[in-house]
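Listed below are the residues making up each chain.
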Amino acid sequence: ELYRRAHTPFGWHRQLFRLAKEHGMMGFSTVFDLPALEFLEGLNCPAYKIASFELVDLPLIREVAATGKPLILSTGMATTKEIDEALSVAFAAGASVVTLLKCTSAYPAPYTEVNLATMRHMRFSMPWNQETWSLKFGLSDHTKGIGVAIAAACLGADMIEKHLCLEGIGSLDAAFSLTPSEFSEMVKGCRQVEHSLGQPQYG
C-alpha cells in the first residue's frame, strides 16, 4: 500500500531523466522489483539505488548489480550480516562500485536515533573486503533540517541523500523534506566542509 501511494510513476521517468540531463545532473531511480529494472534499463538509467527494506532482497540485488552500474545500498534496519550478504552478492554479480548509506528507518528520524558514527564505523571498522571491493560510504538522511547532512560531510561522507519537496506540494515525505532554498543551503554547507577539511598541517 505504501509503495502504491508513494512510488514515482513509470511515466514520469523519461521526462525527469531528460530534465536532469539538461541541468547537468545524473538522473537515476530506486528499483523495487525486476519489471522496474527492465523498464529503467530501457531508459539507460546510469545508476541504481536499493532502498533499506529491499536490502535483504538478494535476487533483486543480484540482477541490478549484473548491469555493472554504480549501486547504492541503503542500510536502514539491516544487521552487519545482512549488509555483508548484500555486498557479497552485489560484487559477485558484477557491481562496479557500491555506496553504503547509513540510514535510520524513521520518518522523520529523531536526531537522537541517527547514530551518525555508524557511517565511519562501516568505513573504518568493519572487515568488509575493502581491498578488492570498490566501496564508498554516505548517509540517507530523514531528519528535519540540514545539520545532520552537514555533519555527515564533516565525517567524510562520499554521498548524502536528502528528500526534496517543492514548496506547497503535499507528499508522504513532505514532513522531513527540504524546500529548494533549504536544499541549496545544505549543498553550500557541505561544499564548505568539503573544501575546508584539507590535510593535517601544523605551523
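Use the structure listed above.
Keep in mind the model is a prediction, meaning the values are calculated, not measured. (Residues numbered from 1 in each chain as written. Predicted model: local features only at pLDDT ≥ 70, side-chain atom pairs only at ≥ 80, totals over all residues. Heavy atoms only, no water.)

Enquirer: Explanation requested: the overall build of the protein in the structure shown.
Expert: For the protein, the helix and strand inventory stands at eight helices and six strands. Taken from N to C terminus, the helices and strands of the protein fall in the order α-α-β-α-β-α-β-α-β-α-β-α-β-α. The C-alpha atoms of the protein give 17 Å as radius of gyration, which agrees with the globular expectation for 203 residues (17 Å, within 12%). Along the three orthogonal principal directions, the C-alpha set of the protein runs to about 55 × 45 × 35 Å. Per-residue burial for the protein yields a buried fraction of 38% across its 203 residues. (Helix = DSSP H or I, 4+ residues; strand = E, 2+ residues; numbered from the N terminus. Rg over C-alpha atoms; globule rule 2.2 N^0.38 Å. Buried < 20%, exposed > 50% of the residue type's maximum accessible area, 1.4 Å probe, protein only.)

Enquirer: What should I look at first to understand the side chain of Lys-49 in this one?
Expert: For Lys-49, the location among the structural elements is in strand 2 (residues 48–50). A polar side-chain atom of Lys-49 sits 2.9 Å from a polar atom in the side chain of Glu-161. Leave out the neighbours within four places in its chain, and Lys-49 touches Phe-28, Ser-29, Thr-30, Val-31, Ile-72, Ser-74, Ser-140 and Glu-161. (Polar contact = N/O pair within 3.5 Å; in protein donor to acceptor, adjacent residues only side chain to side chain. Contact = heavy atoms within 4.5 Å.)

Enquirer: I keep staring at helix 4 (residues 58–65) and nothing clicks. Help me out?
Expert: Three or four residues apart is the spacing at which side chains of an α-helix point the same way, because the helix has 3.6 residues per turn. For helix 4, the full list of buried residues reads Leu-60, Ile-61, Val-64 and Ala-65. Seen from one end, helix 4 has its buried residues packed into an arc of 125°, which puts them on one side. Residues of helix 4 that are buried sit in contact with helix 3 (34–42), strand 2, strand 3 (71–74) and helix 5 (80–93). (Arc of directions from axis to C-beta.)

Enquirer: In this structure, what is going on with the environment of Cys-154? I would like to understand it.
Expert: Here Cys-154 shows up in helix 7 (residues 147–154). The class of Cys-154 is partly exposed, set by a relative accessible area of 44%. For Cys-154 and Gln-15, which are 139 residues apart along the polypeptide, the C-alpha to C-alpha distance reads 35 Å.

Enquirer: Is there a simple way to think about the packing of helix 2 (residues 10–22) against helix 3 in this case?
Expert: Helix-helix packing is described using two parameters, namely the angle between the two axes and the distance between the axes. Where helix 2 contacts helix 3, the axes come no closer than 11 Å and their chain directions differ by 30°. Once helix 2 is placed against helix 3, the crossing between them reads as right-handed. In this structure, helix 2 contributes Phe-10, His-13 and Phe-17 to the contact, and helix 3 contributes Pro-35, Ala-36, Phe-39 and Leu-40. (Axes fitted to C-alpha atoms, helices over the stretch in contact; angles between N-to-C directions. Left-handed = near helix turned anticlockwise from the far one by under 90°.)

Enquirer: Would you mind going over the pattern of salt bridges with me for this structure?
Expert: Two side chains with opposite charge may pair up if their charged atoms get near one another. On inspection of all chains with the given rule, the structure shows nine salt bridges. Close ionic contact of Lys-49 with Glu-161 constitutes a salt bridge, the shortest N to O distance being 2.9 Å. Taken together, the residues span a long stretch of sequence, with Lys-49 in strand 2 and Glu-161 in strand 6 (residues 159–162) at a distance of 112 residues. What makes Glu-161 partly exposed here is its relative accessible area of 22%. A salt bridge links Asp-141 to Lys-162; the shortest N-O distance between them is 2.8 Å. Remark: Lys-162 occurs in strand 6 and Asp-141 occurs in strand 5 (residues 135–141); sequence separation between them is 21 residues. (Salt bridge = Lys/Arg side-chain N within 4 Å of Asp/Glu carboxyl O.)

Enquirer: Please clarify how the environment of Leu-139 should be interpreted in this entry.
Expert: Position of Leu-139 relative to the elements: it lies in strand 5. Each C-alpha atom, one on Leu-139 and one on Ile-160, is 4.9 Å from the other, the two residues being 21 residues apart in sequence. With near-sequence residues (within four places) excluded, Leu-139 lies in contact with Leu-101, Lys-102, Leu-116, Met-119, Val-148, Ala-149, Ala-152, Met-159, Ile-160 and Glu-161.

Enquirer: Explain the nonpolar core here, please?
Expert: One finds Leu-71, Leu-73, Leu-87, Val-98, Leu-100, Trp-128 and Leu-135 to be the most contacted residues of the largest nonpolar core, which totals 37 residues. Looking at this core element by element, the count peaks at six residues for helix 5. Once residues within four sequence positions are removed from consideration, Val-98 is found in contact with Leu-71, Leu-73, Leu-87, Ala-90, Phe-91, Ser-134, Leu-135 and Lys-136. One finds Leu-178, Met-186, Cys-190 and Val-193 within the second-largest nonpolar core, a separate group that totals six residues. (Core = buried A, V, L, I, M, F, W, Y, C linked by side-chain atoms within 4.5 Å.)

Enquirer: What am I meant to see in the side chain of Lys-102 here?
Expert: Counting through the fold element by element, Lys-102 comes out in strand 4 (residues 98–103). For Lys-102, which is buried and forms no salt bridge, the nearest opposite charge comes from Glu-113, at a distance of 8.9 Å. Reaching out from Lys-102, the side chain makes a polar contact with the side chain of Thr-104 at a distance of 3.1 Å. Other than its neighbours up to four places away in sequence, Lys-102 contacts Thr-75, Val-114, Asn-115, Thr-118, Met-119, Met-122, Gly-138, Leu-139 and Ser-140. (Lys, Arg positive; Asp, Glu negative; His and termini not counted.)

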